[in-house]
Amino acid sequence: MAETKRIMISMPDTLLKEIDGIVSIEKKNRSEFIREAMKLYIRERKRVQIRERMKIGYREMGNINLTIAEIGIEEDHHELCDYEAQLTGCE
């Protein structure tokens, strides 16, 4: 493990009792619990940030894809009209 530093934190008694109950069941100490909780928080926070960036990207790409699709539909429509005109001989 990397070098460790000792810190002091403050928390409500009710939260500390809850933590103590968990560490007792899991046969850990408070430091292990707090380290694991902080790592879990950091991982979850990164995951949420990535998800938010992906949402923004999908929205931006959605607008681009809509524009491309509209261009494609317009081109398809012109080609269909040309094809139908060739079939009827009314060019």
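Residues numbered from 1 in each chain as written. Predicted model: local features only at pLDDT ≥ 70, side-chain atom pairs only at ≥ 80, totals over all residues. Heavy atoms only, no water.

Undergrad: Would you mind going over unusual backbone geometry with me for this structure?
TA: Excluding glycine, residues mostly have negative phi values, and the peptide bonds linking residues are mostly trans. Of note, the phi angle at Lys 27 is positive, near 55°, even though the residue is not glycine. Here Lys 27 is to be found in the loop between helix 1 (13–26) and helix 2 (30–88). Accessibility expressed as a relative area gives 72% for Lys 27, which makes it exposed. (Helix = DSSP H or I, 4+ residues; strand = E, 2+ residues; numbered from the N terminus. Buried < 20%, exposed > 50% of the residue type's maximum accessible area, 1.4 Å probe, protein only.)

Undergrad: Explain helix 1 to me, please; I cannot follow it from the model alone.
TA: Each α-helix winds once per 3.6 residues, and so residues spaced three or four apart point in a common direction. With 14 residues, helix 1 extends 20 Å from end C-alpha to end C-alpha; this agrees with the ideal 20 Å at 1.5 Å per step. One or two steps after helix 1, the chain reaches Lys 27, where phi turns positive at roughly 55°. (Expected span 1.5 Å × (residues − 1).)

Undergrad: Just to check I follow, could you spell out the UniProt feature "domain: Ribbon-helix-helix protein CopG" (unreviewed entry) in the protein for this structure?
TA: This chain's UniProt record puts "domain: Ribbon-helix-helix protein CopG" (unreviewed entry) on residues 5–43. Each end of residues 5–43 is marked by a C-alpha atom, and these two atoms are 21 Å apart; helix forms 72% of the span and strand 0%. (UniProt positions renumbered as here; feature names shortened; annotations may be inferred.)

Undergrad: Looking at this model, I keep getting lost on the packing of helix 1 against helix 2. Mind explaining?
TA: To characterise two packed helices, one gives the angle between the axes of the helices and the distance between these axes. Here helix 1 crosses helix 2 at 105°, and the two axes come no closer than 10 Å. One way to sum up the angle between helix 1 and helix 2 is to call them roughly perpendicular. Every residue of helix 2 that contacts helix 1 at Leu 16, Ile 19, Asp 20, Ile 22 and Val 23 is listed here: Arg 30, Phe 33 and Ile 34. Residue composition of the contact of helix 1 with helix 2, by class: six nonpolar, no polar and two charged. (Axes fitted to C-alpha atoms, helices over the stretch in contact; angles between N-to-C directions. Parallel < 35°, antiparallel > 145°, perpendicular 65-115°, else oblique. Contact = heavy atoms within 4.5 Å. Nonpolar A, V, L, I, M, F, W, Y, C, P; charged D, E, K, R; others polar.)

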